[in-house]
Amino acid sequence: MSKLLIKNAKTMVTCDDQDRVLENVNLLIENGVITYIGPDHQTADEEIDASHHLVYPGLVNTHHHLYQTFTRNLPDVQNMELFDWLVYLYELWKNLDDEVIYYSTMTGLGELLKTGCTTAFDHHYVFPQGSESGIMEAQFASADQLGMRLHAARGSMDLSKKDGGLPPDSVVQDIDTILKDSERLVKKFHDPAEFSMHQVVLAPCSPFSVTTDLMKETAKLARHLGVRLHTHLAETMDEEVYVKEHYNMRPLEFMETLGWTGSDVWYAHGIFFNDDELKFLAKTQTGVAHCPCSNMKLSSGICKVPRMLELGVPVGLGVDGSASNDGSNLLEDLRVSYLLHRLNSSTKAPTGYDILKMATRGSATLLGRKDIGSLEVGKAGDLFMIDTRNLALVGTLQDPKSLLGTVGWKNSVANTVVAGKVVVRDGQLVNVDEREMAEKANAVDYQFLARK
């Protein structure tokens, strides 16, 4: 029985159904689960003094490509839009191997933990020939070493350049190989139990890199195995043109014909849905992962988040691939989302607190989780803390609920806790030597980028 006490928290933003903000409160986590929130001191194996801290539920990232961490800030792609960007980078990504995956995942998840994210979803869909058996194994090993909850996608592509798609032949697979490996990975890693640390999602990449047969068969398999479905959709006008030319339908209509709508499905981006389509998403409870930094960098467009929230579309927050962001900091995307929609929608924009709830409870909904996303008795002991004695917070503490959107937090958080275990302490990762890991990761990255 392990017990962690967050003691005398100055302010705790719970994100619960009542939107409670608690002052001078204690929170006890036993065996990874919150068992007490209130004024009384509780005995514990470990205590963290939070008398100068803001305490928030752990953030939940709903869309990422962790392997892209090793292709950040490349000069040749900084001014490209999505299709050209992908074509260029596939020539690098076709050289991925287990070591690159391990260290890029360690880097991306480590940055997420240091900025308050406690659960991450990664969409991996590039499987170079001969690498299939070790990629997701490397990802889960990284998450376990760092102490983070990971939802990992067994992504896929079966439409290469010779078939009219974008990726090279060496990173696409046939349907039978994809489905067989998908089932293997679900059986090996997927834990559907409450408070699980590992889950698997099936996630063909996008309408322009997969066949209709792969989409249909993946949906059937996912529902047979009881796992969720994810893909990119309505990200760019180029995608919309492609789908109309090839299938004579708009992207969402196309997804509906394939069995790809419903409460077990969420899409990345969702920028180019019209109002009727947004109403359909709300009716079917099909979700959207909003990735503002990536959408801005690739000049893709602005997701209609204010209208989605108004209609009741499930919306979460994501950082997207590190090469289109170029980081793994969900706190940054939280503030950028707030500012972007203030600029674009003025008084109809979500508040800073609305965006926080999108990054916690909204994101948890996309992942099908009811055990994370808020600080309540019976929920997972996932949280992060910010020290109010920092100069950057002077004059900002009147509204802790909205602070992360309106003001933002631009440093590492003070502490991050996952399943009742401290994984970031005083701004540093607990379970790895950051300098040693960064040095090794850089060396692996240089070798990777030098491959032909």
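Description of the structure in this document. Note on numbering: residues in each chain are counted from 1, in written sequence order. The predicted origin of the model limits local features to residues at a pLDDT of at least 70 and limits the giving and counting of side-chain atom pairs to 80 or more, whereas totals for whole chains, interfaces and linings rest on all residues. To obtain the side-chain values, all non-hydrogen atoms of the structure were used and water was disregarded.

## Let's talk about the overall build of the protein chain
And step 1. Scanning the protein chain for helices and strands turns up 14 helices and 17 strands.
And step 2. Radius of gyration (C-alpha) of the protein chain: 21 Å, near the 22 Å computed for a compact globule of 452 residues.
And step 3. With the C-alpha coordinates of the protein chain rotated into their principal frame, the extents come out at 65 × 45 × 45 Å.
And step 4. Here the term buried applies to any residue with accessible area under 20% of the maximum for its type, exposed to any over 50%, and partly exposed to those in between, with areas from a 1.4 Å probe on protein chains only. When burial is assessed residue by residue, the protein chain has 62% of its 452 residues classed as buried.
And step 5. Contacts spanning at least 24 positions in sequence make up 75% of the contacts within the protein chain whose residues lie at least 6 apart.
And step 6. Areas reported here follow the Shrake-Rupley algorithm with a probe of radius 1.4 Å; residue values treat only the protein chains shown as occluding. For the protein chain, the exposed area adds up to about 17000 Å²; of that, 48% sits on carbon and sulfur atoms.
And step 7. Under the counting rule used here, the positive set is Lys and Arg, the negative set is Asp and Glu, and His together with the chain ends is not counted. Positions of charges follow a simple convention, taking NZ of Lys, CZ of Arg, CG of Asp or CD of Glu. Here the protein chain carries 43 positive and 61 negative side-chain charges, and the mean point of each set is 3 Å from the other. A run of DSSP states H or I qualifies as a helix once it reaches four residues; a run of E qualifies as a strand once it reaches two. Both are numbered from the N-terminal end. Restricting the calculation to C-alpha atoms gives the radius of gyration, and the globule rule supplies 2.2 Å times the number of residues raised to the power 0.38. Contacts are residue-level and defined by heavy atoms, with any inter-residue pair within 4.5 Å sufficient.

## Some words on the packing of aromatic side chains
And step 1. In this analysis, rings of Phe, Tyr and Trp, with Trp reduced to its six-membered ring, are considered paired at centre separations within 6.5 Å, and the interplanar angle assigns stacked below 30 degrees, edge-to-face beyond 60, and tilted for intermediate values. Under the counting rule described, the total for this entry stands at 12 aromatic pairs.
And step 2. On the numbers, 5.0 Å between centres and 90° between planes, the contact of Y67 with W93 is edge-to-face. Taken together, the positions of Y67 in the loop between β6 (59-61) and α1 (82-93) and W93 in helix α1 put the pair 26 residues apart, joining distant regions of the chain. For the residue pair Y67 and W93, the accessibility class agrees, reading buried in each case.
And step 3. A centroid spacing of 4.9 Å and a plane angle of 90° characterise the contact between Y102 and Y103, whose relative ring orientation is edge-to-face.
And step 4. The exposure class of Y102 is partly exposed, given its relative accessible area of 22%.
And step 5. Classification of Y103 as buried rests on a relative accessible area of 16%.
And step 6. Taken together, the ring pairs in this structure connect Y67, W85, Y90, W93 and Y125 into an aromatic cluster.
And step 7. Sitting above the plane of the F127 ring, R154 keeps its charged end 3.9 Å from the centroid. By the criterion adopted, a ring carries a charge over it if an Arg CZ or a Lys NZ lies within 6 Å of its centre and within 35 degrees of its normal.

## Description of the nonpolar core
And step 1. Think of a nonpolar core as a cluster: buried Ala, Val, Leu, Ile, Met, Phe, Trp, Tyr and Cys residues, connected wherever their side-chain atoms sit within 4.5 Å. The biggest cluster of nonpolar side chains holds 115 residues, and the ones touching the most others in it are W93, F273 and L404.
And step 2. Those residues in contact with W93, other than ones at most four positions away along the chain, are Y67, Q68, T71, W85, L86, Y125, V126, P128 and F448.
And step 3. Ranked by size, the runner-up nonpolar core spans 18 residues in total, among them A9, L27, A50 and M385.

## Topic: helix α2 (residues 98-114)
And step 1. Across its 17 residues, α2 extends 24 Å between first and last C-alpha, which sits within 8% of the 24 Å expected from 1.5 Å per residue.
And step 2. Extensive coverage of α2 is indicated by the burial of 12 of its 17 residues.
And step 3. Buried within α2 are the following residues: V100, I101, Y103, S104, T105, M106, G108, L109, G110, L112, L113 and K114.
And step 4. Within 3.5 Å is the distance limit for a polar contact, defined as a pair of N or O atoms, with the added protein rule that one can donate a hydrogen and the other accept it, and that residues adjacent in sequence qualify only through two side-chain atoms. Of the residues that open α2, the one with a side-chain oxygen 3.2 Å from the backbone nitrogen of E99 is D97. Working rule for helices: expected span equals 1.5 Å times residues minus one.

## A few points about the packing of helix α3 (residues 135-146) against helix α4 (residues 175-189)
And step 1. Geometry is summarised by axes, namely lines fitted to C-alpha atoms with helices restricted to the contacting stretch, and by angles between N-to-C directions that run from 0 to 180 degrees. Orientation of α3 relative to α4, taken along the N-to-C sense of each, is 25°, at an axis distance of 11 Å. Taken together, the axis directions place α3 and α4 in an arrangement best described as roughly parallel. Crossing handedness for the pair α3 and α4: right-handed. Residues M136, E137 and F140 of α3 form the contact with α4, whose own contacting residues are R184, L185, K188 and F189.
And step 2. Just so you know the grouping, Ala, Val, Leu, Ile, Met, Phe, Trp, Tyr, Cys and Pro go in nonpolar, Asp, Glu, Lys and Arg go in charged, and all remaining residues, Gly too, go in polar. Here the residues of the contact of α3 with α4 are counted per class, giving 4 nonpolar, no polar and 3 charged. An angle below 35 degrees is treated as roughly parallel, one above 145 as roughly antiparallel, one from 65 to 115 as roughly perpendicular, and anything else as oblique. Rotating anticlockwise by less than a right angle from the far helix to the near helix defines a left-handed crossing, while the corresponding clockwise rotation defines a right-handed one.

## A look at the pattern of salt bridges
Side-chain pairing between opposite charges can occur once the charged atoms of the two side chains come close.
And step 1. We count a salt bridge whenever a side-chain nitrogen from Lys or Arg sits within 4 Å of a carboxyl oxygen from Asp or Glu. In total, this model carries 31 salt bridges according to the counting rule given.
And step 2. For R250, the salt bridge goes to E277, with nearest N and O atoms at 2.8 Å. You can see R250 sitting in the loop between α6 (237-247) and α7 (251-257) and its partner E277 sitting in helix α8 (residues 275-284), a full 27 residues away along the chain.
And step 3. Residue R250 is classed as partly exposed on the basis of its relative accessible area of 22%.
And step 4. E376 is the salt-bridge partner of K379, the closest N and O atoms lying 3.3 Å from each other.
And step 5. Under the relative-accessibility criterion, K379 is labelled buried at 16%.
And step 6. A network of salt bridges, in which partner residues are shared, links E137, R154, D181, R184 and K188.

## Overview of the packing of α2 against α3
And step 1. Close contact between α2 and α3 brings their axes to 8 Å; oriented N to C, the two are set at 35°. The element α2 and its partner α3 pack so that their crossing is right-handed. Counted together, D98, I101, Y102, T105, M106, L109, G110 and L113 of α2 and I135, A138, Q139, S142, A143, Q145 and L146 of α3 form the full contact between these two elements.
And step 2. Per-class residue counts for the contact of α2 with α3 are 9 nonpolar, 5 polar and 1 charged.

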